[in-house]
Amino acid sequence: MAESCIHGIYWAHAASFRLLLLTAAAAWIVPLPSQHYPYQVPLDEGENVWLHWSFDKIWITFEVHVKTTGWVGLGFSPSGGMEGADLVIGWVKNGKPFLRDRYAEKQQLPRIDKNQDYELLLGSEVGQTTMLKFRRKLHTCDSSEDIPITTDTMRVIYAWNDVDPPGHDSIDYHGEQRGVRSLFLLDPPTNNNKIDVESDNVKHINILNRNVSLPPVKTVYWCELYELPDLDAKHHVIRVEPRIQFGNKGVVHHILLYTCHSQFDRNELTSVSAPCYGMGNVFLPPNILACDTILYAWAIGREVYRLQSYGGYHR
């Protein structure tokens, strides 16, 4: 079953309604970072890899916590794969941290970059966790082997192994302990301007797909129809977040939320759930074409969509 949805519209009387994201509980107790970071996110579904970061106009600092006592790899890829990736591999052995800037030409151990543009700041191994803290410039002078960090979507790749290597030239393969996540590193979501969800002024709704089983095709666009509750006063959308079922982040590419300008009967409002462009003998009602005004758009790399607290989308 696959679930991709908009979750938790919160609204306030004559002020707001918004969407909030539900998150899964971590499979292990994530250690506190060495300092306060404004941004942090788990990179993998099991939350074995946590990335914390901060930046200014010149530098970006990373602190990665991984559930391992072996080596850790983190970097950036032009396509999400190994080829052309700019990354670091590091570990902590006998209390001493190691880290090298590397470049991946293909599917093999990335070679050590001749220009070491990543600066190791701190490293530790406590219990099951390895922590590495390092920084680099947003734009280095190594244009051939370093990927600039910009406001565009950055494809962050990661990997780990549970054994420390004997040296920088002999590092065991990570196996299935790897992944990629698209992030806006320089335009990330924050927790600023939180709304008190327990307030009498605030309401919310969840918009969830109804137990969708994906068909065996490469790409499918799925449409469902929902009716928002009637409200007794003016309201504004001020916050929207996606909710993607655990294990399905690699499947969902984008979500669009439309408003409709046509009438639907009660049966359609509760039963429309089908491929948007027809598949097999299942088709959507023709008047769904009047649902053509986009209220919200989400794609991989983006988390929270937040409007200003003094206004928003008027329903």
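A short tour of the structure in this document, coming up. For clarity, every value in this text was computed on a predicted model and none was experimentally measured. (Residues numbered from 1 in each chain as written. Predicted model: local features only at pLDDT ≥ 70, side-chain atom pairs only at ≥ 80, totals over all residues. Heavy atoms only, no water.)

## Remarks on the overall build of the protein
Here is step 1 of the chain: Helix and strand content of the protein: one helix and 22 strands.
Here is step 2 of the chain: Counting all 315 residues of the protein, 43% fall into the buried class.
Here is step 3 of the chain: Counting only contacts in the protein whose residues sit at least 6 apart along the sequence, the fraction spanning at least 24 positions is 67%. (Helix = DSSP H or I, 4+ residues; strand = E, 2+ residues; numbered from the N terminus. Buried < 20%, exposed > 50% of the residue type's maximum accessible area, 1.4 Å probe, protein only. Contact = heavy atoms within 4.5 Å.)

## Side note on unusual backbone geometry
Here is step 1 of the chain: One non-glycine residue, E47, lies in the positive phi region at around 55°.
Here is step 2 of the chain: In this structure, E47 sits in the loop between β3 (39–42) and β4 (49–55).
Here is step 3 of the chain: Exposure remark for E47: the relative accessible area of 9% places this residue in the buried category.
Here is step 4 of the chain: The backbone of N94 sits at a positive phi, close to 55°, despite the residue not being glycine.

## Side note on the pattern of salt bridges
Here is step 1 of the chain: Within this structure, the stated rule accounts for four salt bridges.
Here is step 2 of the chain: A salt bridge links E119 to R135; the shortest N-O distance between them is 2.9 Å. On the criterion of sequence distance, the pair formed by E119 in strand β10 (residues 119–126) and R135 in strand β11 (residues 129–137) is long-range, its members being 16 residues apart.
Here is step 3 of the chain: For E119, a relative accessible area of 34% puts it in the partly exposed group.
Here is step 4 of the chain: For R135, a relative accessible area of 24% gives the class partly exposed. (Salt bridge = Lys/Arg side-chain N within 4 Å of Asp/Glu carboxyl O.)

## Brief notes about the packing of aromatic side chains
Here is step 1 of the chain: As enumerated under the stated definition, the model contains seven aromatic pairs in all.
Here is step 2 of the chain: For the ring pair F62 and F76, a centre distance of 5.8 Å and an interplane angle of 45° mean the geometry is tilted. On the criterion of sequence distance, the pair formed by F62 in strand β5 (residues 59–67) and F76 in strand β6 (residues 72–77) is long-range, its members being 14 residues apart.
Here is step 3 of the chain: Overall, the relative accessible area of 3% leaves F76 in the buried class.
Here is step 4 of the chain: Residues F62 and F134 carry aromatic rings whose centres are separated by 5.8 Å and whose planes lie at 40° to one another, so their mutual orientation is tilted. With F62 in strand β5 and F134 in strand β11, this pair connects stretches of sequence that are 72 residues apart. Judged on exposure class, the residue F62 and its partner F134 are both buried.
Here is step 5 of the chain: One aromatic cluster is present, built from ring pairs that chain together F62, F76, Y118 and F134.
Here is step 6 of the chain: The cationic tip of R135 hangs over the ring face of W59; the distance from NZ or CZ to the ring centre is 3.6 Å. (Phe/Tyr/Trp six-rings, centres within 6.5 Å; stacked < 30°, edge-to-face > 60°. Lys NZ or Arg CZ within 6 Å of the ring centre and 35° of its normal.)

## Digging into a nonpolar patch on the surface
Here is step 1 of the chain: The grouping of L256, Y258 and I294 at the surface amounts to a nonpolar patch, some 260 Å² of accessible area in total.
Here is step 2 of the chain: When you line up the elements, L256 lands in strand β18 (residues 254–259). (Patch = residues over 30% accessible without salt bridge, like charges linked within 9 Å, V, L, I, M, F, W, Y side chains within 5 Å. Areas by Shrake-Rupley, 256 points an atom, 1.4 Å probe, with all protein chains shown as cover.)

## Examining the sheet that holds strand β8 (residues 96–104)
Here is step 1 of the chain: Taken in spatial order, the six strands of this open sheet run β9-β8-β7-β6-β12-β13, and their pairing is antiparallel. Two strands lie at the open edges of the sheet, namely β9 (111–112) and β13 (178–183), each paired on one side alone.
Here is step 2 of the chain: Across two bridges, β8 lies against β9 in antiparallel orientation. Along β9, the bridge assignment pairs R102 with I112. (Pairing = 2+ DSSP bridges.)

The values are spatial; any link to function lies outside them.
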